[in-house]
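What follows is the residue order along each chain.
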Amino acid sequence: MSELLFLVGTVVVISLIFDFTNGFHDAANAIATSVATRALTPGVALAMAAVMNFLGAMLGTKVAETIGSGIVDITELEKITGLTLVLGGLAGAIGWNLITWWRGLPSSSSHALIGGLAGAGIASLATVHWTVIFDRVVVPMIVSPAVGFLLAYLIMKVVLRLLTEAPYHTTMHRFRYAQTVSAAMVALGHGLQDAQKTMGVIVLALTAGGFHNLEDGIPTWVKLAAAAAISLGTATGGFRIMKTLGSKIIDLDPARGFVAESVAASVLYTTAFVWAAPISTTHTITCAIMGVGATKRRSAVRWSVAGNIATAWILTIPAAGALAAVATWLLRLVLI
């Protein structure tokens, strides 16, 4: 029992470390456009995003339940094996997060975690729910960025038509104020989506160790711990990725920043509450930025940078899965 308790405690701590890395890795999602257009200073933007991340994390549990019970089946495994699986999955996700953060690429922490759990599940000979992964991960991974791009493009076209006769400088000044709201909306959606994934992993570990029943839902202390960890990570900052999102893809103005953030936030809320799908905040806001950028002219979007980002997206699930499988194999040598 003491060994199980130690392993569960280790998983909880590492899960919260992952949550922290998620916060600083994905902080740019919410604030890059607002900082790039000078609607907010980096310090104010990070503080606002941290608070909204915390609040968003407390708003729902559907995504957490998908992660906690829908990716791998740990009920058929020995307790030590199940906990090793979760540890290996976290190791793969954190490893890929750090690699892409160092390279300044806005990859998906969500897909890194899911890929990590799937890779660890394969290494542990557990049942991996590929249908759930396809329906709630792969399909949303394709649909949500496409919807973000298309909606952002169309709405920006309408906004430009409506503001044809409006004075440019006055209009942009007003959109800077509006971006305070839209950035907060994205940060709230980020907390709603990404903190829940950590909650799901912690519940998975508690269940594997025999300390929790999945049918009992998400304990309050798990919600608070995950919310606090992602908020602290966000407050720490993600300036490398902020630069990529805020200026390397396109030179943003406040109007385009506002539309991109508003569209991304809408997609995040819809998928979390309606679809219970753990989508990528990163993918959604990046494609929304490309969508508003394409309304300038096709060459306004730096497609070579977008191509590098897309490559990281495609690699995330298999790369995190491979790292997790190796980590799980090594952990099994030590623990089992």
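No experiment lies behind these values; they were computed from the predicted model shown.

Thresholds, definitions, all that
Residues numbered from 1 in each chain as written. Predicted model: local features only at pLDDT ≥ 70, side-chain atom pairs only at ≥ 80, totals over all residues. Heavy atoms only, no water. Helix = DSSP H or I, 4+ residues; strand = E, 2+ residues; numbered from the N terminus. Buried < 20%, exposed > 50% of the residue type's maximum accessible area, 1.4 Å probe, protein only. Contact = heavy atoms within 4.5 Å. Areas by Shrake-Rupley, 256 points an atom, 1.4 Å probe, with all protein chains shown as cover. Patch = residues over 30% accessible without salt bridge, like charges linked within 9 Å, V, L, I, M, F, W, Y side chains within 5 Å. Salt bridge = Lys/Arg side-chain N within 4 Å of Asp/Glu carboxyl O. Expected span 1.5 Å × (residues − 1). Bend = angle between axes of the 7 residues up to and from the residue. Axes fitted to C-alpha atoms, helices over the stretch in contact; angles between N-to-C directions. Parallel < 35°, antiparallel > 145°, perpendicular 65-115°, else oblique. Left-handed = near helix turned anticlockwise from the far one by under 90°. Nonpolar A, V, L, I, M, F, W, Y, C, P; charged D, E, K, R; others polar.

1. Comments concerning the overall build of the protein chain
- Scanning the protein chain from N- to C-terminus turns up 12 helices and two strands.
- In sequence order, the protein chain lays out its α and β elements as α-α-α-β-α-α-β-α-α-α-α-α-α-α.
- Out of the 336 residues in the protein chain, the part that is buried amounts to 58%.
- Long-range contacts, defined here as pairs at least 24 residues apart, represent 88% of the contacts in the protein chain between residues at least 6 apart.
- For the protein chain, the computed accessible surface area is about 13,400 Å², with 68% contributed by carbon and sulfur atoms.

2. A few points about a nonpolar patch on the surface
- On the surface, a nonpolar cluster with roughly 780 Å² of combined accessible area is contributed by Leu59, Ile142, Val143, Val147, Leu151, Ile155, Phe273, Val274 and Trp275.
- At the level of secondary structure, the elements contributing two or more residues to the nonpolar patch comprise α6 (130–162) and α10 (254–275).
- Per element, the largest residue contribution to the nonpolar patch is five residues, and it comes from α6.
- You can see Leu151 is positioned in helix α6.

3. Description of unusual backbone geometry
- Backbone geometry places Leu125, a non-glycine residue, at a positive phi of 60 degrees.
- Judged by relative accessible area, which is 73%, Leu125 ranks as exposed.

4. Remarks on α6
- Between its first and last C-alpha atoms α6 spans 46 Å; for 33 residues at 1.5 Å apiece the expected length is 48 Å, and the two agree.
- Its maximal kink placed at Pro140, α6 deviates by approximately 40 degrees.
- Of all the residues in α6, the buried ones are Ile133, Val137, Pro140, Ser144, Pro145, Gly148, Ala152, Met156 and Val159.

5. Structural notes on the environment of Val35
- For Val35, the location among the structural elements is in helix α1 (residues 2–36).
- Residue Val35 is classed as buried on the basis of its relative accessible area, which comes to 18%.
- Sequence-wise, Val35 and Pro254 are 219 residues apart; in three dimensions their C-alpha atoms are separated by 9.8 Å.

6. Examining the packing of helix α5 (residues 109–123) against helix α7 (residues 168–208)
- Running from N to C, α5 and α7 cross one another at 20 degrees; their axes reach a closest spacing of 10 Å. By the angle between their directions, the pair α5 and α7 is classed as roughly parallel. With respect to the hand of their crossing, α5 and α7 are arranged in left-handed fashion. Along its contact with α5, which presents Ser109, Ser110, Leu113 and Leu117, the element α7 presents Asp194, Lys197, Val201 and Leu204.
- Looking at the contact of α5 with α7 residue by residue, the class counts come to four nonpolar, two polar and two charged.

7. As for the packing of α6 against α10
- One way to put it is that α6 packs onto α10 with a least axis distance of 9 Å and a crossing angle of 145 degrees. α10 is crossed by α6, and the crossing has right-handed handedness.
- Taken together, the residues that form the contact of α6 with α10 break down as 14 nonpolar, two polar and three charged.

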